[in-house]
There are 2 protein chains.
Amino acid sequence: MFDQLRFDYLSCAGHPALETPHMDALAARGVRFTRAYVQSPICGPSRMSFYTGRYVHSHGAAWNNFPLKVGEVTLGDHLRARGMDAVLIGKTHMKADDAGLERLGIARDGIIGTRVSECGFDAYVRDDGLWAEGPDGPYDAKPSPYNAFLRERGYSGRNPWHDHANSALSEGGEIASGWLMHHAGEPANVRETDSETPWLTDRAIDFLEERRATRRKIPWLCHLSYIKPHWPYIVPAPYHALYGPGDVQPAIRDPREREDPHPVFAAFQRTLVARNFSRDEVREKVIPAYMGLVKQCDDQIGRLMAYLRDSGQLDDTLIVLTSDHGDYLGDHWLGEKDLFHEPSVKVPLIVCDPSRQADATRGTTCDALVEAIDLAATFVDMAGGAFPGHILEGRSLRPFLHGAPPADWRAFAVSEYDYSCTPMAGELGVAPKDARLFMVTDRRWKLIEAEGGFRPMLFDLQADPQEFTDLGASPDHAQIVATMRDHLARWARRESQRTTLSDAAILARRSGGGNTGVLIGAYDEADVSPADMTAYRGTAVPISEPDPAEEAGGS
Amino acid sequence: MFDQLRFDYLSCAGHPALETPHMDALAARGVRFTRAYVQSPICGPSRMSFYTGRYVHSHGAAWNNFPLKVGEVTLGDHLRARGMDAVLIGKTHMKADDAGLERLGIARDGIIGTRVSECGFDAYVRDDGLWAEGPDGPYDAKPSPYNAFLRERGYSGRNPWHDHANSALSEGGEIASGWLMHHAGEPANVRETDSETPWLTDRAIDFLEERRATRRKIPWLCHLSYIKPHWPYIVPAPYHALYGPGDVQPAIRDPREREDPHPVFAAFQRTLVARNFSRDEVREKVIPAYMGLVKQCDDQIGRLMAYLRDSGQLDDTLIVLTSDHGDYLGDHWLGEKDLFHEPSVKVPLIVCDPSRQADATRGTTCDALVEAIDLAATFVDMAGGAFPGHILEGRSLRPFLHGAPPADWRAFAVSEYDYSCTPMAGELGVAPKDARLFMVTDRRWKLIEAEGGFRPMLFDLQADPQEFTDLGASPDHAQIVATMRDHLARWARRESQRTTLSDAAILARRSGGGNTGVLIGAYDEADVSPADMTAYRGTAVPISEPDPAEEAGGS
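Each chain carries its own residue numbering, running from 1 in the written order of its sequence. Labels are handed out in written order, letters beginning with A for the chains and numbers beginning with 1 for the ligands. Selection of residues for local features in this predicted model requires a pLDDT of at least 70, selection of side-chain atom pairs for listing and counting requires 80 or more, and totals for whole chains, interfaces and linings are taken over all residues. Side-chain numbers come from the whole structure's heavy atoms, not from hydrogens or water.

The name given to chain A in an unreviewed UniProt entry is Sulfatase-like hydrolase/transferase, with the source organism recorded as Stappia taiwanensis.

Structure, rendered in structure tokens:
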């Protein structure tokens, strides 16, 4: 998994200037899904959905650093129950539910508490890649494995993550912080092999080597979770110089998008990041750096694949390449992600199944509506055993990989966004529980429902694939809005919390199952089978006799 | 809390033949809520909503014996955090989430595991009152405190709950099982003082006496949870003979309800209990017994109130009287509960607040739309401290008690029913996740949305208060259906799972709060305050110099 990698910044997905031969090679070995949507276009909730296989509306960790409830079942729980390990290398953006752990008396440093705190993974390396520091302290108070690595490698400063890996150096020896995008074109002051993407590739190869050396073979899932091409937008040489303004694609934007936009869209357009990405000089500086970061990611995929091939592991390893969300990069007059235009909510998704059953689909694309939660479902399905469809809300992609697409595949995809913590919610005067957006798309239409009394947004993806014309207020489209709202309402009513009882258990109860003598509505013996009456026949002592307690000599 | 007590079987609620002077006295001391709806008209899910303050759609324990997820926060958790105890005497119908406890390594017999298994209560007595036995074993495999009590009192047989307390005796000394409703008119073969309702009253008085004797005063909530007037419909003398067929009110039913009913309604009409309760001879036998059970309940409330008064506890005890759901008793051609007609989904609710602020409302009624989840909210509100509105979905009733009804009180109430385990679901061919119903009512209209492709049901509570005319298919009411569906859709989209972060915490983040140096979208220093740049200024060693690792003496 990459972080903030756009679906269209792969050459196999059509980028005209960026060559990603190693990702393309994966696509040639597997299936590339062209309509893969994340459950929320921002790290935290998106990842909690990848890791639980459940919608944000189900797990509740709706924004960055919203703790994931201690009771949520994770991919790791499902896989361990099927005899597999689930290992983390890199980022999760997981915030532990400390209050829940305390309430249930679970020690955070025990094996269970540690897994609960790591979203169900056993952490080989946990590094969220955001070692920011402000006047009120660090963004992430945990020790930084990457900073420890850089220090060991001799890098100077209190925070070499910032001072070296994410900053350039001025001619006068001053740190030119990568937090300021006008430094994006300069090289990060770190050796390329010590930068974050190769560092995590190294850790992954370490892990794979350790597992190869282990005599007792436990099958594993390895969540190699890269930090890049997420900002700060700065990359070491030679990647900083590979691309220039001439490689930057025109922004997907239209002046009409600034004329009376939906109030929530308008508020996001007013943010600093949106205003800056709406300036050509910013895009021309930042996007080449972003492309350099992606190119470095691609090269590291190449390294990893070469290692797997050379060590003979390529043919028994299922490989998935994806991202947690995209990046506007100035499209639609926005920066960052958060909203539901395709560059933000759609992600690259390539799945390589090494099995023979997948041979027929190698190198193909699939345009079915896929959701991020389908990956956990796919992994659990691949691991075998009864499928926990009462917990996992996604569906296995295996039928697509094996050339047998299900006839009853979902007709619409849903994504969500909670902007309650943002200044935009304050600006719009929206209460926390109302600062939420829901996207529902059926391939042709994309509706965005906004809580808090706002009108919806609506796009016609067929007539207007670039999503410039918001039809949410169009009287001609009232029926489309109503239909899309019906989809969303049915989705919202779904049974998402009956996670303690499987459908199979319910069907067993329905068909009779254990007869435990509860005889509802029987009037006389004609209504009851003789067997059912067995426990209820016999004689008893009448209470008109002396007090039975006295009779028994009792109390 | 009583079990299966109809809202209209109290004389203060207008029953013409049944006198309930003790419940009426409570109503005279407090506020009687005339539109109190349960979250699901069946024991298990209704109670899990009472105990969590959350909708069934939120906690997921959607039917009897669906385990409540280990992570759910209960009323007991909230009260203990506020320095109170939460004690159970009687029934909860709680099914523990054993798989969740095991997954999280929580010992079921520890103090936390025990509370999790008892829905957050400390159990003084846990007795669900259903000691049925069938060919496949007992309905409830736990030891029966009530059977232990009866044995100690000298009652005979393996299961004196059935053989004595819930059965009559034939002239030949044979057990005449209370499971067969044609025995309903006979007296249960148990001394009245040993029957279930007085037994639980005795336990409550024991508890209160123990607490009174304790020097260290910890405020408590006592969930005194009676088993009756729930079936088996049989009651000891003299209550079995207090009422006769002349006291039975006419069934609220209409022949039109059997003409082309909604398929789900039709399936419930076909059940044994519905068919039997549609026979007058059955109603005339069962309803007098039901009335006798209610009369006994009323007398026990009288005993309890007398004890509280005599022991000087009446003036510092908040008292709430309610039920977990109603009973059709033949209304609408149905028996049992399950569906959403008023006799099933509406419950009695009387709240007596002893404080002076409540003086102005004593003896009044309130017709606001109240939901069962409002009680947990009321108790937590009364206990003080920050209100956990991110967990509790109900609202405190205190403003109503204190004569200041909120202007923004809810405009609609919701109830749910999951019939996935019933044979009716099999008969209708409905998958487990589709065998669900949602009721939404705004006082005038009541819509019932049925998953699984069925049309909705709709009743006009103003023009048709007896709910005989289902307008769900009426073209003239399409707009009403659409409006009620909008209410339901908004409800279904509510944020119910963000239970780890309060609204106050979100507002604090929104307004800035900790600045931890994440500088999104800054182009140059003009975009950033000098303080924000502090951590990012300084000098660094260029990597074009010799390898820093070597320079530092290497790794």
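1. Some details on the packing of aromatic side chains
Operational definition: Stacked, edge-to-face and tilted labels apply to pairs of Phe, Tyr and Trp rings (six-membered ring for Trp) whose centres lie within 6.5 Å, assigned for plane angles under 30 degrees, over 60, and everything in between, in that order. Numbering of helices and strands runs from the N terminus, with a helix taken as a DSSP run of H or I at least four residues long and a strand as a DSSP run of E at least two residues long. Exposure is judged per residue with a 1.4 Å probe applied to protein chains only, and the accessible area is read against the type maximum: over 50% gives exposed, under 20% gives buried, and values in between give partly exposed.
A full pass over the atoms with the stated rule returns 38 aromatic pairs over all chains. Judged by centre distance (6.2 Å) and plane angle (85 degrees), the rings of Phe33(B) and Phe400(B) are edge-to-face. Pair noted here: Phe33(B) is in strand S1 (residues 31-33) and Phe400(B) is in helix H15 (residues 398-401), with a separation of 367 residues, a long-range link. Since its relative accessible area comes to 2%, Phe33(B) is described here as buried. An aromatic cluster of at least three residues, connected via ring pairs, comprises Tyr9(A), Tyr233(A), Phe277(A) and Tyr290(A).

2. Some points on the sheet that holds strand S1 (residues 31-33) of chain A
Sheets are built from strands paired through backbone hydrogen bonds, the pairs being either parallel or antiparallel. Residue and element names in this part refer to chain A. We apply this condition: Strand pairing is assigned whenever DSSP detects at least two bridges linking the two strands. Lines are fitted to the C-alpha atoms to define the axes, a helix being fitted only along its stretch in contact, and any angle between axes, read from their N-to-C directions, falls within 0 to 180 degrees.
Reading across from one edge, S12-S14-S1-S15 is the order of the four strands in this open sheet, with mixed pairing throughout. Where the open sheet ends on each side, the last strands, each with one partner, are strand S12 (319-322) and strand S15 (364-366). Here the average twist between neighbouring strands, direction ignored, is 20 degrees.

3. Examining the pattern of salt bridges
Pairing between side chains becomes possible if they bear opposite charge and their charged atoms approach one another. Residue and element names in this part refer to chain A. Note the following rule: Counted as salt bridges are all cases of a side-chain nitrogen of Lys or Arg within 4 Å of a carboxyl oxygen of Asp or Glu.
Counted by the stated rule, this structure contains 90 salt bridges over all chains. Between Lys 446 and Glu 342 there is a salt bridge whose closest N-O contact spans 2.7 Å. With a gap of 104 residues between them, Lys 446 in strand S19 (residues 445-450) and Glu 342 in helix H13 (residues 342-345) connect regions that are remote in the sequence. On the basis of relative accessible area, Lys 446 is assigned to the buried category, the value being 0%. Residue Glu 342 is classed as buried on the basis of its relative accessible area, which comes to 11%.

4. Notes on the relation of the copies chain B and chain A
What counts is decided by this rule: Least-squares superposition of the copies uses the C-alpha atoms of those residues scoring a pLDDT of at least 70 in each of them.
Taken as rigid bodies, chain B and chain A are interconverted by a rotation of 180 degrees and an axial shift of 0.0 Å, the fit giving an RMSD of 0.1 Å. Those values place the two copies in the arrangement expected of a two-fold rotation axis. No C-alpha of chain B lies nearer the rotation axis than that of Gly71(B), which sits 2.2 Å from it.

5. Looking at the domain arrangement of chain A
Put simply, an interface is often sized by how much accessible area is lost when its parts join up. Quick note on the threshold: Residue ranges labeled as domains rest on an automatic or database domain assignment.
With domains assigned, chain A is organised as domain 1 (11-492) and domain 2 (512-553). The distance between the C-alpha centroids of domain 1 of chain A and domain 2 of chain A comes to 62 Å.

6. Considerations on the sheet that holds strand S3 (residues 85-90) of chain A
Residue and element names in this part refer to chain A. Reading across from one edge, S4-S3-S10 is the order of the three strands in this open sheet, with parallel pairing throughout. Pairing within the sheet leaves two strands with one partner each, and these edge strands are strand S4 (122-126) and strand S10 (220-225). Geometrically, the sheet is characterised by an average inter-axis angle of 15 degrees between neighbouring strands, direction not taken into account. Sheet topology places S3 next to S4; four bridges connect them, and they run parallel.

7. Points about the side chain of Asp418(B)
So the rule is basically this: Charged residues are defined narrowly, with Lys and Arg counted positive, Asp and Glu counted negative, and His plus the chain ends left uncounted. Within 3.5 Å is the distance limit for a polar contact, defined as a pair of N or O atoms, with the added protein rule that one can donate a hydrogen and the other accept it, and that residues adjacent in sequence qualify only through two side-chain atoms. Here a residue-residue contact requires only that any non-hydrogen atoms of the pair lie within 4.5 Å.
Among the structural elements, Asp418(B) can be located in strand S17 (residues 413-418). Buried and unpaired, Asp418(B) has Arg498(A) as its nearest opposite-charge partner, separated by 4.9 Å. One polar contact links Asp418(B) to Ser420(B), side chain to side chain, over a distance of 2.6 Å. Beyond its immediate chain neighbours, meaning those up to four positions away, Asp418(B) contacts Glu495(A), Ala62(B), Trp63(B), Phe66(B), Ala435(B) and Arg436(B).

8. Some thoughts on the interface of chain B and chain A
Spelled out, the test is: Accessible surface is computed with a 1.4 Å probe, and the buried area is the amount of it that two parts give up when combined, taken over both parts together.
Each partner contributes to the interface: chain B provides 125 residues, whereas chain A provides 126 residues. Taken together, both faces of the contact between chain B and chain A bury some 10,600 Å²; the carbon and sulfur share is 58%. The three residues of chain B that bury the most area against chain A are Arg493(B), Arg510(B) and Tyr523(B), which together make up 9% of that side's buried surface. Where chain B packs against chain A, one counts four salt bridges.

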